[in-house]
Amino acid sequence: MQQNKELVRAFFGRFFETGNLTDDLDIFKAGFVNSLFAMQLIGWIEKNFSTTVSDEDLNLANFNSVNAIANFIERKGV
Amino acid sequence: MNIIGVIGAGVMGRGLAQDLAQHGHQVLLNDISEEILADAKSSIAQNLRAQKMLGQNPKITESTDTIIARITTSTELDFMGDAHFVVENVTEKWNIKKHIYPKLDTICHKDVVFAANTSAISITKVGSLTSRPDQVLGIHFMNPVPMKHTVELIKGYHTSEKSLDVARTFLGSFGKRSVLVNDAPGFVSNRVLMLTINEAAWLVQDGVASATDVDDVFVSCFGHTMGPLATGDLIGLDTILYSVEVLYEAFNDSKYRPCPLLKKMVDAGLHGCKNGEGFFKY
């Protein structure tokens, strides 16, 4: 879990400054990211964790923070 | 009018194909290679998913697979014979565009209207490549197409009112409204925008400010959603360069001279968001 959080943070770091980012901060509400990021995030999760993000998974609540994404990856069993 | 031909599966063609398909149109998507078409379908799927995830307008209620299934692809133009309306979105180079229209003219039904989705090329000149210049017009879609609901509709010298009405009906079928402008290089939007992006590149080249600071002035001081250099990256720096070159050629006015830094970046393969790096990294 902790390792996945680090990976997510490293991915975020390619787009914005993550120094003060808490694991629960909603990055979409905070205005750090846009739809282009959302697209790349899904692609990154699928590629790096060898999983598929289904239409049913496409809920912002699964992807809006470090914790949400790490939990999602864990639920997917990867 | 529910079978729409989309020629060119680059940034604009993809966005348009997606937008049409998610509004229930059948789309005939053409480009020069199977690899480009496969990549287009996969990026459209990714985009649809991102849009679904963000719950953005227009809301997507159907499955990604259902929407994608409405897009038929081919590297040949022949299937455009089934199209009720055609939008051409190929690279902003006259030498590429000029070969397409005479072919379309023979393939498509005589009533079909052709729209050139261009940011700078003369609609009147495009019309002259066909036997139906009254049925050729310009539609300048904005990027990303599914998110931008207003377009420039461009009337060429011979474009008829009837063709403009057909275009308005077509646009209305997927939620777009238009602003009608006359044919002139760059129309309204890009005559100003391309020059702004080009000038912003000069500022970086001359060391007046960094790319981040140039954009910060526009975002923070003017309240723009995006600065000119990020906008350039989003559109594609190659497209920006071609458009500036078209303006330079059309007006023969040195104020449109392309910035050498922009040229160098395009030569170096820094084309912006679409390949990961332009003035900013993605």
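Here the structure is a predicted model, which is why all the values come from computation and not from measurement.

Thresholds applied
Residues numbered from 1 in each chain as written. Chains lettered and ligands numbered in written order. Predicted model: local features only at pLDDT ≥ 70, side-chain atom pairs only at ≥ 80, totals over all residues. Helix = DSSP H or I, 4+ residues; strand = E, 2+ residues; numbered from the N terminus. Rg over C-alpha atoms; globule rule 2.2 N^0.38 Å. Buried ≥ 20, exposed ≤ 12 C-beta atoms within 10 Å, placed from the backbone. Contact = placed C-beta atoms within 7 Å. UniProt positions renumbered as here; feature names shortened; annotations may be inferred. Pairing = 2+ DSSP bridges. Axes fitted to C-alpha atoms, helices over the stretch in contact; angles between N-to-C directions. pLDDT = per-residue confidence, 0-100. Parallel < 35°, antiparallel > 145°, perpendicular 65-115°, else oblique. Nonpolar A, V, L, I, M, F, W, Y, C, P; charged D, E, K, R; others polar. Domains from an automatic or database assignment. Expected span 1.5 Å × (residues − 1).

Below, the discussion takes up the overall build of chain B. Looking only at helices and strands, chain B has eleven helices and eight strands in total. Taken over the C-alpha trace, chain B has a radius of gyration of 19 Å; the compact-globule value for 282 residues is 19 Å, and the two agree within 12%. Oriented by its inertia axes, the alpha-carbon framework of chain B measures out at about 55 × 45 × 35 Å. Looking at chain B residue by residue over its 282 residues, the buried ones come to 47%.

The helix and strand inventory of chain A stands at three helices and zero strands. Taking 2.2 N^0.38 as the reference for a compact globule, 78 residues should give roughly 12 Å; the C-alpha atoms of chain A span a radius of gyration of 11 Å, in line with that estimate. C-alpha extents for chain A along the principal axes are approximately 30 × 25 × 20 Å. Sequence separation of at least 24 residues holds for 60% of the intrachain contacts in chain A that already meet a minimum separation of 6.

Attention shifts here to the UniProt feature "domain: Carrier" (unreviewed entry) in chain A. The positions that UniProt labels "domain: Carrier" (unreviewed entry) are, in the present scheme, residues 1–77 of chain A. Annotated as residues 1–77 of chain A, this span is 47% helix and 0% strand, and its ends, taken at the C-alpha atoms, are 11 Å apart.

Okay, the sheet that holds strand β2 (residues 26–30) of chain B next. Residues and elements named next belong to chain B. With mixed pairing, eight strands are arranged side by side in an open sheet as β3-β2-β1-β4-β5-β6-β7-β8. If you trace the sheet from one side to the other, it starts and ends with β3 (71–74) and β8 (177–182), each paired once. Neighbouring strand axes in the sheet, compared pairwise and without regard to direction, differ in orientation by 25° on average. Sheet topology note: the β2/β3 ladder contains four bridges and is parallel. Bridging from a neighbouring strand, Val 27 pairs with Ile 71 of β3.

Glancing now at the confidence of the model for chain A. Taken as a whole, chain A shows an average pLDDT of 86; of its residues, 99% reach a score of 70 or greater. At the level of individual helices and strands, chain A shows its lowest average pLDDT in helix α2 (residues 35–48) of chain A, which scores 85, and its highest in helix α3 (residues 66–75) of chain A, which scores 92.

All names here are of chain B. Between helix α9 (residues 228–235) and helix α10 (residues 237–251), the least distance of the axes is 6 Å, while the angle of their chain directions is 100°. On the basis of their axis angle, the class for α9 and α10 is roughly perpendicular. Two secondary-structure elements touch here, α9 through Gly 232, Asp 233 and Ile 235 and α10 through Leu 237, Thr 239 and Ile 240. Counted by class, the contact of α9 with α10 contains three nonpolar, two polar and one charged residues.

Interfaces are often described in size by the accessible area the parts lose on coming together. Parsing chain B into structural domains produces domain 1 (3–182) and domain 2 (190–275). Contact residues are listed per partner, giving eight residues for domain 1 of chain B and ten residues for domain 2 of chain B.

This part takes up helix α1 (residues 11–22) of chain B. Owing to its 3.6 residues per turn, the α-helix aligns residues three or four sequence positions apart on the same side. Residue and element names in this part refer to chain B. Helix length check: α1, at twelve residues, gives a terminal C-alpha distance of 17 Å against a target of 16 Å (1.5 Å per residue), a fit within 8%. For α1, the complete set of buried residues consists of Val 11, Met 12, Gly 13, Arg 14, Gly 15, Leu 16, Ala 17, Gln 18, Asp 19, Leu 20, Ala 21 and Gln 22. Looking at the buried side of α1, the elements it contacts are β1 (3–7), β2, α2 (34–54), α3 (64–68), β3 and β4 (85–88). The first or second residue beyond α1 is Gly 24, which carries a positive phi of 90°.

Before going further, it helps to spend a moment on the interface of chain B and chain A. Contacts between chain B and chain A engage 13 residues on the former and twelve residues on the latter. Top element by residues in the side of chain B that touches chain A is α2(B). It accounts for eight residues. Looking at side-chain class alone, the side of chain B that touches chain A contains four nonpolar, seven polar and two charged residues.

All names here are of chain B. Per the UniProt entry, the sites bearing "site: Important for catalytic activity" (unreviewed entry) are His 140 in this numbering. As for its placement among the helices and strands, His 140 is situated in strand β6 (residues 136–140). Exposure remark for His 140: the 24 C-beta atoms within 10 Å place this residue in the buried category. Those residues in contact with His 140, other than ones at most four positions away along the chain, are Asn 117, Thr 118, Ser 119, Val 151, Glu 152, Ile 154, Phe 187 and Ser 189.

Here Asn143(B) and Pro144(B) are connected by a cis peptide whose omega angle stands at -5°. You can see Pro144(B) is positioned in the loop between β6 and β7 (150–155). In the Ramachandran plot, Ser50(A) falls in the positive-phi region, its phi being about 45° despite a non-glycine side chain. Examined against the element boundaries, Ser50(A) turns out to sit in the loop between α2 and α3. A positive phi is found at Phe187(B), a non-glycine position, where the angle reads about 55°. Mapped onto the fold, Phe187(B) is located in the loop between β8 and α7 (189–205).

Turning next to the environment of Lys76(A). Residues and elements named next belong to chain A. In this structure, Lys 76 sits in the segment after α3. By the C-beta count within 10 Å, which is 16 here, Lys 76 ends up partly exposed. Note: C-alpha distance between Lys 76 and Val 53 (23 residues apart in sequence) is 9.1 Å.

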